[in-house]
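Listed below, chain by chain, are the residues.
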Amino acid sequence: MTEYLRIDLETEKWECRVCDHVIAPAAGNYKEGLLVHNRDPREIHPPVIDPTKYRYTFAPDPEWVRILEFCCPKCGTQIETEYATPGHPPLWDMQVDVPALKAQWAKRGPAMLPDAGPAVVPGRGHAH
């Protein structure tokens, strides 16, 4: 589904592609099974001008925006990042029709693997 996220069609569960940890039911929002770090947006986008002299510094206002980092609870791989409004729940960005997905893969036959693609190796290519 993404670089670090897959669905096991037999168990109908979201899984981490790095460590195979089962995250959540595939019929639901995978983010509910991940650890969440609520970042101060000024850590990511620091002020451009002196915040002691100016109220508006070109840095995001933490009263208006938050940055959520979603990580696998087993291996710590960052699976998703989201800019969100404080007080609102995380977005449900991938709602999958699991029966339709299973039917699609059944038509393709056993020679096709649902998680085709390069293996994800921790520590290679991306920082975790």
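The structure reproduced in this document is the subject of the present report. Worth saying up front: this structure is predicted, and the values here are computed from it rather than measured. (Residues numbered from 1 in each chain as written. Predicted model: local features only at pLDDT ≥ 70, side-chain atom pairs only at ≥ 80, totals over all residues. Heavy atoms only, no water.)

Some thoughts on the environment of W64
At step 1: Mapped onto the elements of the fold, W64 is located in the loop between α1 (41-44) and β5 (66-71).
At step 2: Residue classification places W64 among the exposed positions, given a relative accessible area of 67%.
At step 3: For the pair W64 and P41, spaced 23 residues apart in the sequence, the C-alpha separation amounts to 9.8 Å.
At step 4: Residues contacting W64, with those up to four places away along its chain left out, are A84, T85 and P86. (Helix = DSSP H or I, 4+ residues; strand = E, 2+ residues; numbered from the N terminus. Buried < 20%, exposed > 50% of the residue type's maximum accessible area, 1.4 Å probe, protein only. Contact = heavy atoms within 4.5 Å.)

Quick notes on the sheet that holds strand β2 (residues 13-16)
At step 1: Across the sheet, 3 strands lie side by side as β1-β2-β3; this open sheet has antiparallel pairing. With partners counted over all chains shown, the strands left at the sheet margins are β1 (5-8) and β3 (22-25), one partner each. Recorded for the sheet is a direction-independent mean angle of 30 degrees between the axes of neighbouring strands.
At step 2: Of the pairings in the sheet, the one linking β1 to β2 comprises 4 bridges and is antiparallel in character. Note on β2: the bridge partner recorded for I7 is W14. (Pairing = 2+ DSSP bridges. Axes fitted to C-alpha atoms, helices over the stretch in contact; angles between N-to-C directions.)

Quick word on the environment of T57
At step 1: Here T57 is to be found in the loop between α1 and β5.
At step 2: The spatial distance from the C-alpha of T57 to the C-alpha of R42 is 10.0 Å, given a sequence separation of 15 residues.
At step 3: With residues up to four places along the chain from it excluded, the contact list for T57 reads P47, V48, I49, D50 and P51.

What about the sheet that holds β5?
At step 1: The 3 strands are arranged β4-β5-β6 in an open sheet whose pairing can be described as antiparallel. Across the chains shown, the open sheet's two edge strands, defined by having one partner strand only, are β4 (35-39) and β6 (78-84). Put simply, the sheet's adjacent strands are angled 20 degrees from each other on average, direction ignored.
At step 2: Alignment of β4 against β5, held across 5 bridges, turns out to be antiparallel. Paired with H37 across the bridge in β5 is E69.

Side note on unusual backbone geometry
At step 1: At D20, a position not held by glycine, the phi torsion is positive, near 70 degrees.
At step 2: Secondary-structure assignment places D20 in the loop between β2 and β3.
At step 3: For D20, a relative accessible area of 46% gives the class partly exposed.
At step 4: Here F58, not a glycine, exhibits a phi torsion of approximately 75 degrees, which is positive.
At step 5: Here F58 is to be found in the loop between α1 and β5.
At step 6: Judged by its relative accessible area of 67%, F58 falls in the exposed class.

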